[in-house]
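Residue strings, one per chain:
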Amino acid sequence: MNKRTFLKTSSVLAAGAAFPQLLSCAEKPKSDPRTNWAGNLTYSTDNLHIPKTVAELQETIKKVKKVRGLGTKHCFNKIADSTENQISSAEFNKIISLDKEKQTITVEAGIKYGDLCKYLDDNGFALHNLASLPHISVAGACATATHGSGIKNGNLATQVVALEFVNGKGEIVSLSKEKDGDEFRMAVVNVGALGIVTKMTLAIQPTFKMKQVVYQNLPMAELEKNFEAIMSAGYSVSLFTDWTKKNISEVWIKSKADDMKEIAPDFYGAKLQTKNLHPIEALDPVNCTDQMGVEGPWYERMPHFKMGFTPSSGKELQSEFFIAFENAYEGLMAIEKLNEKVSPHLFITEVRAIAGDDLPMSPMYKKTCVAFHFTWKQETEEVLKVLPLVEEALAPFNPRPHWGKIFTLKPSVLQARIEKLNDFKVLMTKHDPEGKFRNEFIDTNLF
């Protein structure tokens, strides 16, 4: 967002509620601004620390008053911003050990899934789930409960069985699922508020092959009685719509190769495509993972986009909301009623299912969810006007937002929907008594 857009947006918001998740973080013009992946947000400090060792990280944390961790910069709001200091995990990018007997892998927290997956596959193993993009870091994805799809598949944080972080006192803290129970589960989806994660141990499983097919033009009416069957049609299922014509433009079904015996030409009225497609049909699918039932490794089918390409800055904004799976169709129809307001500012919406988990700061805590993911055009003013309408439409279903994307929910409303928030605040006080890792985002949304 350029300076002119920021000023214009600020004036629009001045008379109403502020939306600190999205507004540009820039206090003053910079000759070489540091921005997030999409370029919609400029970070508020030039003090970026890139430690190479845990000892360097400890010293940095001890000497600063305020700091936030910075991963691959794929968050669209101010969750990773700081007015004073940021610490990059870029140098913490190595594989530490593979335990084939226990079926776990220990990695440094800044490693990207794209760099981890081939190593796992080469050694006969796989992860149970991946996000749409493989270019994000393990620690950042888990801290924000980032997910893939699959009615029986938990988000990426559910892979974590142990983690190590440096807290606000500069201490090294190690927690494991086996030994630390509630504290461990509270710390996995940590929104960067406990410290800087240095390494993580993930549960893995034997490798497998997958196939992917795409169907086009599924009538939304089919979802009323068949939503669960449709979302259970593969290992991972994604529905794409732009909310025009009461139509799901594409259905992506990813299955384990052994489970996909035949490919039907028709799927609840949708037709099997005969060429590779991008989720936004008008775009070139050259960087999308192979479709049409072509068999390939799990890590080359589970994401929507290929590991091998480097995504450029995307001129887009993203929002995502989670509601209980049993309310999925009602939630879908509530948004559909807003189609004339939503569609003009939208590239595409993706609808996915994610299994429930036992991680208190996860939006999927204790319930299987359906996620409505909006990829907006980078039209900041318009999106900020439409988002409250979407949130209001979903209000009967108590939606939780994705921690790393844009939302405008009132803090009091969000806090009321986090069952264990007070317990998380106690853990924050334990590991960060001086509030070094608190920033505007944390103060606004959690306090």
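See the structure above.
Residues numbered from 1 in each chain as written. Predicted model: local features only at pLDDT ≥ 70, side-chain atom pairs only at ≥ 80, totals over all residues. Heavy atoms only, no water.

S.K.: Honestly, the overall build of the chain in this entry has me stumped. Any pointers?
M.R.: Looking only at helices and strands, the chain has 12 helices and 20 strands in total. In summary, the chain has a C-alpha radius of gyration of 21 Å against a globular reference of 22 Å for 447 residues, a match within 12%. Dimensions of the chain along its principal axes, counting C-alpha atoms only, are 65 × 60 × 40 Å. Counting the 447 residues in the chain, one finds 60% classified as buried. (Helix = DSSP H or I, 4+ residues; strand = E, 2+ residues; numbered from the N terminus. Rg over C-alpha atoms; globule rule 2.2 N^0.38 Å. Buried < 20%, exposed > 50% of the residue type's maximum accessible area, 1.4 Å probe, protein only.)

S.K.: Honestly, helix α6 (residues 223-231) in this entry has me stumped. Any pointers?
M.R.: Because an α-helix completes one turn every 3.6 residues, residues spaced three or four positions apart along the sequence face the same direction. Here α6 has its buried residues at Leu223, Phe227, Ile230 and Met231. Taken down its axis, α6 places every buried residue within 90° of arc, on the same side. Set apart from the buried face of α6 by more than 90 degrees, the exposed residues are Lys225 and Glu228. (Arc of directions from axis to C-beta.)

S.K.: Got a minute to help me understand the pairing of strand β12 (residues 236-241) in this structure?
M.R.: Residues in a regular strand point their side chains to alternate faces of the sheet. Within β12, six of the six residues are buried, leaving the element largely enclosed by the surrounding structure. Going residue by residue along β12, you find Ser236, Ser238 and Phe240 tucked away on one face and Val237, Leu239 and Thr241 tucked away on the opposite face as well. Judged from the five bridges that link them, β12 and strand β13 (residues 247-256) form a sheet pairing that is antiparallel. Residue pairing in the sheet places Leu239 in a bridge with Val251 of β13. (Pairing = 2+ DSSP bridges.)

S.K.: Explain the sheet that holds strand β8 (residues 172-176) to me, please; I cannot follow it from the model alone.
M.R.: In a beta sheet, neighbouring strands pair by backbone hydrogen bonds and run either parallel or antiparallel. Strand order in the open sheet formed by five strands is β4-β5-β9-β7-β8, with antiparallel pairing between adjacent strands. Pairing within the sheet leaves two strands with one partner each, and these edge strands are β4 (95-99) and β8. Neighbour-to-neighbour, the strand axes of this sheet turn through a mean angle of 15°, independent of strand direction. (Axes fitted to C-alpha atoms, helices over the stretch in contact; angles between N-to-C directions.)

These results come straight from atomic positions and should not be treated as a statement about function.
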